[in-house]
Amino acid sequence: MHLKDHLSINIKNKRMRKNLPRWFYFSATLLRKHAIHALSTFALIFVCTLSAKAQSHLINGIVTDEGGRPLQGVSVQMKGSNVGTLTDGSGKFSLSVPRNATLTVSFVGYQTHEVEVDGKNNITVQLKVNAAGLNEVVVVGYGTQKKANLTGAVSQVSSEVLENRSLPNLTQGLEGVIPNLNINMQDGKPIQSPSYNVRGTTSIGQGGNALVLIDGVEGNPSLINPNDVASVTVLKDASSAAIYGARGAFGVVLITTKSAKKGKTAVSYSSSYSLKKPTAIPDQVDNGYQYAKMFSEAYSAGSNYTQLPQNINKTQKFSQAYLDAFKEHDANPSLPKIDTNANGEYVYYANTDWYKLLYKDHNFATDQNISVSGSSDKASFYVTGRFYNQEGIFRYNSDNYRMYNFRAKGSIDVTKWLEINNNTSYSSVMYHNPLNVGEGGAIWRNMSDEAHTSAPLLNPDGTLTYSAAYTVGDFYYGKNGIDTSTNLIRNTTSFVARFLNNKLRINGDFTFQGTNNNRTQKRVPVPYSTKPGIINYVGTNTNDLQEQYIKTSYLAANLYGEYETTFGSDHHFKALLGYNFEQSVFKKIQEQRNGLIFPDAQDISLALGQSVTTNGGWEQWDILGGFFRFNYDFKSRYLLEVNGRYDGSSKFPTNQQFGFFPSVSAGWRLSKENFWHVSPKAISDVKIRASYGSLGNGNINSYSFLEQLGISQSGRVLNGQRPQVTSAPGVIPNGLTWETSTTKDLGADISFLENRLAFTGDLYNRKTTNMFTVGPTLPDVFGAAVPKGNYADLKTTGWEMTLSWQDQFNAGSKPFNYGITVNAAHYEAIITKYNNPNKNLSDYYVGEKLGEIWGYKTEGFWTADDVDQAAAMNKNISNNSSVWLPGDIKYADLNKDGVISHGNQTVNNPGDMVIIGNETPRYTYGFGVNADWNNFFFAAFFQGRGRTDWYPSPEADAFWGQYNRPYNAALKSQLGHIWTEDNPNAYWPRYRGYVALSGDRELSVPQTKYLQNAAYLRLKNIQFGYNLPQKLISKIKMTNASVYISGENLWVTSPMFKITKHNFDPESIDGSDRVLTNGTNGDAQNYPMLKSVTLGLNITF
Amino acid sequence: MIYLKKIIMTTKNIIVYLLIACCLPFAACKKVLDQAPRATATKDAVFSNESGLALYTNSFYTIIPDAATIMRGDAMSDYAARTDVPDFLRPNVYNATQSSGWNWAPLRNINYFLVNNNNPAISDQVRNNYNGIARFFRAYWYFQMVQRFGDVPWYSTPLAVDDSTLLYKPRDPRTLVMDSVLADLNYACANITVTDDQSRSMITKWVAYAMKSRICLFEGTFRKYHTELNLPNATDWLNEAADAAQQVMASGKFSLNQVGGNGKSYRQLFISTAPVTSEDILIDVTDPNQAVFSDANWYWTSATYGNRLSLDRTFVNTYLNTDGTPFTNIAGHDTMTFPVETQNRDLRLQQTIRTPGYTRINGGSVVPAPPAFSYTYTGYMPIKYSLDDQQYDQGTVSTNSVPVIRYAEVLLNYAEAKAELGTITDQDWANTIGALRARGGITSGLTTLPTVVDPYLQANYFPDISDPVILEIRRDRSIELVFEGFRFYDLVRWKRGQLLTQEWNGIYVPAINTLMDLDKNGTPDVSFVESTPSNPVKGVAYVNVAPTIGGKVNPQQLKHGTYGELTWLNNSPRVWDDKMYFYPIPESALLKNPKLGQNPGWQ
């Protein structure tokens, strides 16, 4: 054992403590045994003790906590040597050391204590709990800051929140863990990686999300290996984000990757296997006859009972005679499910559960991860690799997902003062997204249209049925889909030069990142048969192959220097000055050609049609900026920070390219004042923070100030081809300047009860001014969109807080550590300036609280007694038949004019409409508990939101069922809750098709009765594991081994389940699938959210 | 202290160096912040060469209605029944709030072109050709606006944000706008250089002349019959119409399609993919090779997709016998059954609707195709645009190109203008209506002007017209151009909006509960019943015509309860008011500029 190994133990412990961020700080104590850092540390200590023999003076000791309870596993080392040991179950240790040695006693979660041996034979050490992470180091822009000295609103979590989970990508693991880092999942696709929002509505003009940086340089979080992440920091207020200037206007997310462990080479391997399945699947009526009967009823009600359906939408014929025959076939199972009629065409009497055909019962995912790290005194390296494979949920043509990650980091001390680092990463993601050629939209919308319960997948001869060819049969055929692959190569080379005893540091880095996004889409007609021996095709007009290549080349360079000094012993100064340059060049080429010579063709060379489309694309932007930060504190009592950035962006016209964005923040640690006499047993630490700053929003589209004539391909055939066309450019604004977001923040960090309980809270107010929105309304004869300008203002106010508790007690003479963390956030945004003098409800207006839903008040149903008034009253509402009957919906005539109307759709004349709800997610929260005892560890994390109102869009079939279109699947959740004369107080109205179809239909108009509260509470993750005893694993040279079982999304509840049952997940209620649709094909028509159970193993040698 | 000073000095130096290091790149990189787009073109690039002008004018073509719009053009007409009553005709339903069609973006696009097409590097002739194309589209666009709204404001330049006077001006008088339209048309006719386009998809000189005849005929007859508006110069417009049509006829480029013979040549115009170059002047192209299709079959056969338009019997009765005599002259014509009444008629009837002998193709085999009551409400089920092969029935997969302007219309325009002017001759008759009737297999009355008023036609359609020539020209225009989207505005210009309230009637049913063989293939096709029989005959559509179903009025009934003409939806009233000759200016447009003023009756 060499000295350097020994030293590294200390460094490692310190490092580990620094890296343990606030959110999970206490949990880290408890989860230590399965945290890789901690494990290897213990392992090393363990090894060290074996060699620590040859000393003269034997010292015995006991280590306890402040309450006198013995602590097991505490590291006791002789300072400056490789001699050390661990305490046993009763906190005792013994060690042979020189008489004048100094012992370093350290334990995760406790303050490290040094004690002089001074010839003593027995000593008792009491360790103090580490003070609420105040020594924790938090990553901030271009540097780090001790948490105690933070003056801005910053939240940080460490890798613990991502461990032992089956995560297709990083973003999916961050949901709910940081208050007011808002991640709206939308659906459960493995490629789903929504943008990061910090603190709510940003801008209704240019919009804008948080800037995401990986190791200090802008990057794509969906492509990073989640196991590489050491910490995720969110800079929320203007003060902390100002150093990033124009792109930090709406917060910054800093992702920091792990670095080499000092010490001997360690190899870690982790492996997990997950079983996944949807959290919710629409529970449809699976009896074909019952479906057909309900279809007939809904259809005929839609025509006021005057017409019987002739077809079940497009793919199945229908008549009363068919329904009668179906009844017979349903009652008598010996009758065939498939018959032929007089014309020789198939007639189906099936009971098909199409979702069973669509989804597997469950799917698998595996995650294999390896890391190797080591160091000498001059150099270190860290190499990781990961393979994640998730087979898709679709039974046929499955949507397989694969991700490969590779990272290599190296560091070398070239001279005493110069350190050079290199960080290379490669990521590759592949996904197959199956598609339907039948009509637009994804599979779920197509199933609503044509997956009739009464029709089977296959004909007796093995061909597809017509219904199937439009839906699951397309997947069964298995030739249509979109294959995407994303490859990223990134390299950062950087240096740190340290001068003047490390008081001055110069940093520089240069990053190159190349991203290739490739996409191949194939659409070939799907064969089906409606008559034995005769094959027809669905999708004959979409027989084509499309290939798309996008290359984004990105460069970034930073150069910055930092000087830090203390005058006297009380005045601490820190100054940072730097320069940043970034450039991104986007280039796209896309070609499409029809006429594949055979359906399995893979390459465009085999497309021979005359419909050839080619498109290019180009965008370049450049940013350069100079920035500074100045910190001052007096006795760590009064804290001041000033930030600023002079920023230039190519996205603005020449005279507006540069802007200066300053901010200031200050903190006051009350508990450091001389007059503070509150016992630390009650209140241990109090800090009050405030910040103010103003940032420009650089998130605008390139070239938006230039007159551009776009070129596209005509949809018309002119002179034998579909030619390119161009047309009048949009009218450009006369002047264009930066949107500005000005944030005020007031925060407090308080810890109580000897730091067991810690609170961090912030109130904020963000004004986004000069938002780039529509100009004053002009008469339509203007003939173009009125040029946008810096016309609107918005105010977002909110709060966020984190509360954590950690403690330990002895159970069965073993310490039981546990912690509880709660976070919550809330915001609302109000328009304070907007060009809409009439306050038309079709647009934003001054005073509007974003997300509000206008609608009618549902009074109930018409009854036989009053239905004669319905026609006059509901004349602006349609039930798809001109006749109103008992059981149809009655709305409240709020303005008492005898007619239900939306007035002129303005705030001042909304007719009978009122604000009935708000769709903004409100009161988002997360809470977790964790515990460990005797090598066992446990953690559970819940997250959710307190309120979101949702009015399901017309095509949200999993909600409306056959009220949308009568041929949709019927929903079991509606059975027994539909109005009939015998059930007049049911939830659902008279059973009519087409009343939730569009526009002014009876159920399409937003109204109170069918407004859903999509609040939810989800058990996001739960895990239970065991660290194998050192005794056991050291025999096979292992330093750590743990096994665990972990569950993701295992349970969810929502108030709306009362109505919807588990037809869909409350997080998946947004617009339809975004890969294949523009989101307007019906809410909740989405890839299901997945839940999973994972078995995993982590080992380190 | 000395040490400290040293530090400060060193720091100062370092900061100075840093500052220099930071500022240098600003100076050096200032240029990189000036970025120009590459994937889009600049104005100069587009207007500096002929291909740029062609590139731009391609964007005007969307002003021309596409196949789907043309096929739906008669969804509101007097001669066809449909699923429901259009909102426009329902009592107290249509108003300025739901009025639409006030989109001025196409005009701005044209005016932007006209204002910027002035690069001297391009020859005058080339620029004028493209200006001619632009002005053709401007004329057509304004014509559609005037048809719909009457007076509209005229603009010949793209407006700027601060052009308040122009933006907020009142509407210009119809006469001013239409004079400008005529000036555009004349310019287009004179300056468009292309005279022959075999694809029939581009704007040529002859397209301009043909469109001019259409527009001028509309304006001339509108002014003539809408005497309440006191509009001048009707005769001038009719002369312009006749002249323009005459130019097309004299060009010798076009003729009536005769390929396939009298029983087929008419429908071929609507179901073929390739242009019928003899007769088509301008078409909207479908091309499977380019993956451009229409939804013709879907719209015209699906029980769930379209308006399910069917001709009514009153109109079918106007198709002449093949001998040239009116069908309604036959005694007992009103109780004739479908298989009988459809015999020996103008051959355009069997090319417009399903008649006995019409068959379809299902998976390669020929199958009988009687009128399908899952689609038709009257029994007169259109086939004008639908392809015979059932594989096209679902989805946007039909492969027929659709005429936008065809030579037959020019002939009709010519005949009508001349007749309205009172200058039509026997030769004109023979060249126009006579030629069209001959193609329909009609054997007499082809060469001389008619002299006898058909009382049926007059009584049911045009009671104010006593000129047999005008009556007969209107008969043929109605039949020849049925479902091509002309009908509503023909009724408007003839001031016969009242026809839109005619009852929707269908085939004659001699008796209830009787099996009927409509296509004369020996198997029954339909039975009109009051309730579905317990033992239905396979292959028979049972249509419930009971007065009520489930206590509600049945919209499908027989005129005399147990026998008579089939009727549809006459329980849902339709109304016409003379204010409806113009659509209301949309409320939202009026709110933005009250000076526009509302059309009479819509306030």
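Here, the structure is the one placed above.
No experiment lies behind these values; they were computed from the predicted model shown. (Residues numbered from 1 in each chain as written. Chains lettered and ligands numbered in written order. Predicted model: local features only at pLDDT ≥ 70, side-chain atom pairs only at ≥ 80, totals over all residues. Heavy atoms only, no water.)

Enquirer: Would you take a moment to explain the packing of aromatic side chains for this structure?
Expert: Geometrically, a pair of aromatic rings is defined through the distance of the ring centres and the angle of the planes. Counted according to the given criterion, the structure contains 99 aromatic pairs over all chains. Judged by centre distance (5.6 Å) and plane angle (45°), the ring pair of B:Phe47 and B:Tyr56 falls under tilted. No difference in accessibility class separates B:Phe47 from B:Tyr56, as the two residues are buried. You can call B:Tyr56 buried: its relative accessible area is 0%. A connected cluster of aromatic rings, assembled from ring pairs, spans B:Phe88, B:Tyr94, B:Phe143, B:Phe218, B:Phe222, B:Phe488, B:Tyr489, B:Trp576, B:Tyr581, B:Phe582, B:Tyr583 and B:Trp602. Here the basic side chain of B:Arg108 rests over the ring of A:Phe782, its NZ or CZ set 4.8 Å away from the ring centre. Lying over the aromatic face of B:Phe270, B:Lys384 brings its terminal NZ or CZ to 4.3 Å of the ring centre. (Phe/Tyr/Trp six-rings, centres within 6.5 Å; stacked < 30°, edge-to-face > 60°. Buried < 20%, exposed > 50% of the residue type's maximum accessible area, 1.4 Å probe, protein only. Lys NZ or Arg CZ within 6 Å of the ring centre and 35° of its normal.)

Enquirer: Is there a simple way to explain a nonpolar patch on the surface in this structure?
Expert: Residue and element names in this part refer to chain A. Among the surface-exposed residues, Leu275, Phe364, Phe936, Phe938, Phe1024, Ile1045, Leu1050, Trp1051, Val1093 and Leu1095 lie close enough to one another that they form a single nonpolar patch of about 860 Å² accessible area. Contributing elements (two or more residues each) for the nonpolar patch: β47 (936–947), β51 (1040–1053) and β52 (1090–1100). Residue contributions to the nonpolar patch peak at 3 residues, all from β51. Positionally, isoleucine 1045 belongs in strand β51. Of the residues examined, isoleucine 1045 reaches a relative accessible area of 39% and is grouped as partly exposed. (Patch = residues over 30% accessible without salt bridge, like charges linked within 9 Å, V, L, I, M, F, W, Y side chains within 5 Å. Areas by Shrake-Rupley, 256 points an atom, 1.4 Å probe, with all protein chains shown as cover. Salt bridge = Lys/Arg side-chain N within 4 Å of Asp/Glu carboxyl O. Helix = DSSP H or I, 4+ residues; strand = E, 2+ residues; numbered from the N terminus.)

Enquirer: Would you explain helix α6 (residues 288–302) of chain A in this entry?
Expert: One full turn of an α-helix is made of 3.6 residues, so residues set three or four places apart face in the same direction. Residue and element names in this part refer to chain A. Its 15 residues place the ends of α6 21 Å apart at the C-alpha level, agreeing with the 21 Å of an ideal helix rising 1.5 Å per residue. Of all 15 residues that make up α6, 12 are buried, and the element is covered over most of its length. Residues Gly288, Tyr289, Tyr291, Ala292, Met294, Phe295, Ser296, Ala298, Tyr299, Ser300, Ala301 and Gly302 constitute the buried set of α6. Tucked into the core, α6 has its buried residues touching β18 (311–312) and α7 (320–331). The first or second residue beyond α6 is asparagine 304, which carries a positive phi of 55°. (Expected span 1.5 Å × (residues − 1). Contact = heavy atoms within 4.5 Å.)

Enquirer: Would you explain the sheet that holds strand β7 (residues 122–127) of chain A in this entry?
Expert: Backbone hydrogen bonds hold the strands of a sheet together, and the pairing may be parallel or antiparallel. Residues and elements named next belong to chain A. Pairing within the open sheet is mixed, and its 3 strands lie in the order β4-β1-β7. Single-partner strands in this sheet number two, and they are β4 (92–97) and β7. On average, each strand axis in the sheet is inclined to that of its neighbour by 30°, with strand direction left out of account. The pairing of strand β1 (residues 57–65) with β4 spans 6 bridges and is classified as antiparallel. Within β4, the position partnered with isoleucine 59 by the bridge is leucine 95. (Pairing = 2+ DSSP bridges. Axes fitted to C-alpha atoms, helices over the stretch in contact; angles between N-to-C directions.)

Enquirer: What am I meant to see in the pattern of salt bridges here?
Expert: All names here are of chain B. Applying the stated criterion across every chain yields a total of 82 salt bridges over all chains. Across the salt bridge formed by glutamate 484 and lysine 384, the nearest N and O atoms sit 2.8 Å from each other. Taken as a pair, glutamate 484 in the loop between α18 (468–480) and α19 (487–493) and lysine 384 in the loop between β6 (365–368) and β7 (402–406) lie far apart in primary sequence, 100 residues in all. The buried category is assigned to glutamate 484, whose relative accessible area is 8%.

Enquirer: Sorry if this is basic, but what is going on with unusual backbone geometry here?
Expert: Residues apart from glycine generally show negative phi values, whereas peptide bonds are mostly found in trans. All names here are of chain A. Look at tyrosine 142: it is not a glycine, yet its phi comes out positive at around 55°. Locating tyrosine 142 in the fold gives a position in the loop between β8 (137–140) and β9 (143–146). Under the relative-accessibility criterion, tyrosine 142 is labelled buried at 9%. Residue asparagine 770 is not a glycine yet carries a positive backbone phi of 55°. Residue classification places asparagine 770 among the partly exposed residues on the basis of a relative accessible area of 28%.

Honestly, that's just the spatial picture; any functional story needs more than this.
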